[in-house]
Amino acid sequence: MPARRYPMSDDTPLRAELLGAERLASVARSLAAGQVWECASGRNGAALLGMLESGDRQLGAVYRRLAADVREDIPVSPAAEWILDNYYLIEEQVRLVRDELPADYGAELPRLVAGRFAGTPRVLEATVTLVSHTDARVDRQTLESFFLAYQDEAPLTIGEVWAIPIMLRLTLVENLRRLGLRVLDAHQAVVAGDSLADRLLEAAGDGSDAVSRRLAEIDAAHASPPAALLVRLSQRLAGQDVALAPLSDWLERTLASRDETLEHLTLGMHQEQAADQVSIANSIGSIRSLGALEWR
């Protein structure tokens, strides 16, 4: 039986072109004008709960792995520290959404009939669009101006207005799920790079042939090594014993096969990690801001 797919079931962060107030309002109007929806009764909550539960499980796995490594004195990135320090807050959002999202939730909310959000309330696509074009930095002014512009084209029902806080929390948790998976992937690649560096240094004691054999094993285990692994290996083994000379050849071949240079790979990795850290910080900050709003 094929795995059930939920709305937005890919792992790309909710991060699109960062827009100012005027262009964001224009996007809101265009979205409202282009959505195709119906008001037929249905179970909007089931798909949304599935997305929430999947996000909760995956974020929990990310947290447990990072926390376990910290206990073992394995360094983690600043982005990972954001997740570790604020995981309690993420769990609180999951509980809030779970409590407010029974399976029959929003049966009368206008529901999209086409696109990747088909079968979900149209207001969910609106909150995803808002989060994507603000890099998850949502405050009261941005929220109000976006939905006022949306209603220039498609007025919201009272039920939809009340649903906005739930959809925003759900969207921010989903964004943190995606970002958390990326942070964990990068962390595991660095840890793997350290482990491989240790093994290569041990092999260097037996000469360059032993290093070559170890590199062949790495090739067999990693068809396309992650960028963070390659960067970590190069950092750990730069300027080491002459017996590690085969590593330089291996790195050159691996980078050439990807049409990359080590400098470009390192720069790209650092930029990606910095962007993810900002998105995580923005998501956490928005969760705090939403909690302080007087929604009534």
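Residues numbered from 1 in each chain as written. Predicted model: local features only at pLDDT ≥ 70, side-chain atom pairs only at ≥ 80, totals over all residues. Heavy atoms only, no water.

Here we take up the overall build of the protein. Along the backbone of the protein there are 10 helices and 2 strands. Sequence-ordered secondary structure for the protein, helices as α and strands as β, is α-β-α-α-β-α-α-α-α-α-α-α. With 296 residues in all, the protein has 46% of them scored as buried. Sequence separation of 24 or more characterises 83% of the internal contacts of the protein that already satisfy a separation of 6 or more. Of the charged side chains in the protein, 30 are positive and 43 negative, and the gap between their average positions amounts to 4 Å. (Helix = DSSP H or I, 4+ residues; strand = E, 2+ residues; numbered from the N terminus. Buried < 20%, exposed > 50% of the residue type's maximum accessible area, 1.4 Å probe, protein only. Contact = heavy atoms within 4.5 Å. Lys, Arg positive; Asp, Glu negative; His and termini not counted. Charge placed at Lys NZ, Arg CZ, Asp CG, Glu CD.)

Moving on: empty space enclosed by the protein. Across all of its chains, the model carries 1 cavity of 30 Å³ or more by this definition. Estimated volume of the largest cavity: approximately 30 Å³. Around the largest cavity sit Met 51, Leu 52, Gly 55, Leu 170, Val 173 and Glu 174, which together line it. Within the residue set of the lining of the largest cavity, elements represented by two or more residues are α2 (44–71) and α6 (158–204). (1 Å grid on protein atoms, 1.4 Å probe; cavity = no way out; pocket = protein on both sides within 12 Å on 5 of 7 lines; lining within 4 Å. Points joined across faces, edges and corners; volume = space filled by probe spheres on them.)

Structurally, Tyr 105 can be placed in the loop between α3 (78–100) and β2 (111–112). The class for Tyr 105 is buried, based on a relative accessible area of 13%.

Moving on, we get to the confidence of the model for the protein. Taken as a whole, the protein shows an average pLDDT of 88; of its residues, 93% reach a score of 70 or greater. Confidence scores differ between elements of the protein, with helix α7 (residues 208–221) showing the lowest mean pLDDT of 81 and helix α1 (residues 21–34) the highest of 97. Across residues 1–6 the pLDDT falls below 50, and counting only partners more than four positions away or on other chains, this stretch makes 3 contacts in the model. (pLDDT = per-residue confidence, 0-100.)

Further remarks concern the pattern of salt bridges. As enumerated under the stated definition, the model contains 19 salt bridges in all. Asp 69 is paired through a salt bridge with Arg 65; the nearest N and O atoms lie 3.2 Å apart. Here Arg 65 and Asp 69 lie together in helix α2, a separation of 4 residues that amounts to about one turn. When its relative accessible area of 7% is taken as the criterion, Asp 69 is described as buried. Among the residues examined, Arg 65 registers a relative accessible area of 30% and is labelled partly exposed. Salt bridges linked by common partners bring Asp 11, Glu 174, Arg 177 and Arg 178 together as one network. (Salt bridge = Lys/Arg side-chain N within 4 Å of Asp/Glu carboxyl O.)

With that settled, consider helix α10 (residues 262–292). Relative to the 45 Å expected for 31 residues at 1.5 Å per residue, α10 spans 45 Å between its end C-alpha atoms, a close match to the ideal helical length. Listing the buried residues of α10 in full gives Leu 265, Thr 266, Met 269, Asp 276, Ser 279, Ile 280, Asn 282, Ser 283, Ile 284, Ser 286, Ile 287 and Leu 290. Where α10 is buried, its residues meet α3, α6, α8 (227–237) and α9 (245–257). (Expected span 1.5 Å × (residues − 1).)

Summed over the entire model, instances satisfying the criterion amount to 3 aromatic pairs. Centre to centre, the rings of Tyr 63 and Tyr 87 are 4.2 Å apart; their planes meet at 10°, and the pair counts as stacked. Placement of the pair is Tyr 63 in helix α2 and Tyr 87 in helix α3, with a sequence separation of 24 residues. Relative to Tyr 150, the ring of Phe 147 lies with its centre 6.3 Å away and its plane at 50°, an arrangement referred to as tilted. Within this pair, Phe 147 and its partner Tyr 150 are both found in helix α5 (residues 140–153), separated by 3 residues, close to a single helical turn. For the pair Phe 147 and Tyr 150, a shared accessibility class is recorded, and that class is buried. Connected via pairs of aromatic rings, a cluster forms that spans Phe 146, Phe 147 and Tyr 150. Its end group placed over the ring of Trp 37, Arg 122 keeps NZ or CZ at 4.3 Å from the ring centre. (Phe/Tyr/Trp six-rings, centres within 6.5 Å; stacked < 30°, edge-to-face > 60°. Lys NZ or Arg CZ within 6 Å of the ring centre and 35° of its normal.)

Glancing now at the packing of α1 against helix α4 (residues 122–133). Across the interface, α1 lies against α4 with an axial gap of 11 Å and an inter-helix angle of 155°. Considering the angle they form, α1 stands roughly antiparallel to α4. Seen from above, α1 lies across α4 with right-handed handedness. Contacts between α1 and α4 involve Leu 24, Val 27 and Leu 31 from the first element and Glu 125, Ala 126, Thr 129, Leu 130 and His 133 from the second. Its residues placed into classes, the contact of α1 with α4 shows 5 nonpolar, 2 polar and 1 charged. (Axes fitted to C-alpha atoms, helices over the stretch in contact; angles between N-to-C directions. Parallel < 35°, antiparallel > 145°, perpendicular 65-115°, else oblique. Left-handed = near helix turned anticlockwise from the far one by under 90°. Nonpolar A, V, L, I, M, F, W, Y, C, P; charged D, E, K, R; others polar.)

What follows concerns the environment of Ala 32. Tracing the backbone shows Ala 32 in helix α1. Taking the C-alpha atoms as reference, Ala 32 lies 9.9 Å from Leu 156; in sequence the two are 124 residues apart. Beyond its immediate sequence surroundings of up to four residues, Ala 32 is in contact with Tyr 150, Glu 153 and Ala 154.

The next subject is the nonpolar core. Leu 130, Phe 147, Tyr 150 and Ile 280 are the most contacted members of the largest nonpolar core, which totals 62 residues. Those elements giving two or more residues to this core turn out to be α1, α2, α3, α4, α5, α6 and α10. When near neighbours in sequence (up to four residues on either side) are disregarded, Tyr 150 contacts Ala 28, Leu 31, Ala 32, Gln 35, Arg 122, Ala 126 and Leu 156. (Core = buried A, V, L, I, M, F, W, Y, C linked by side-chain atoms within 4.5 Å.)

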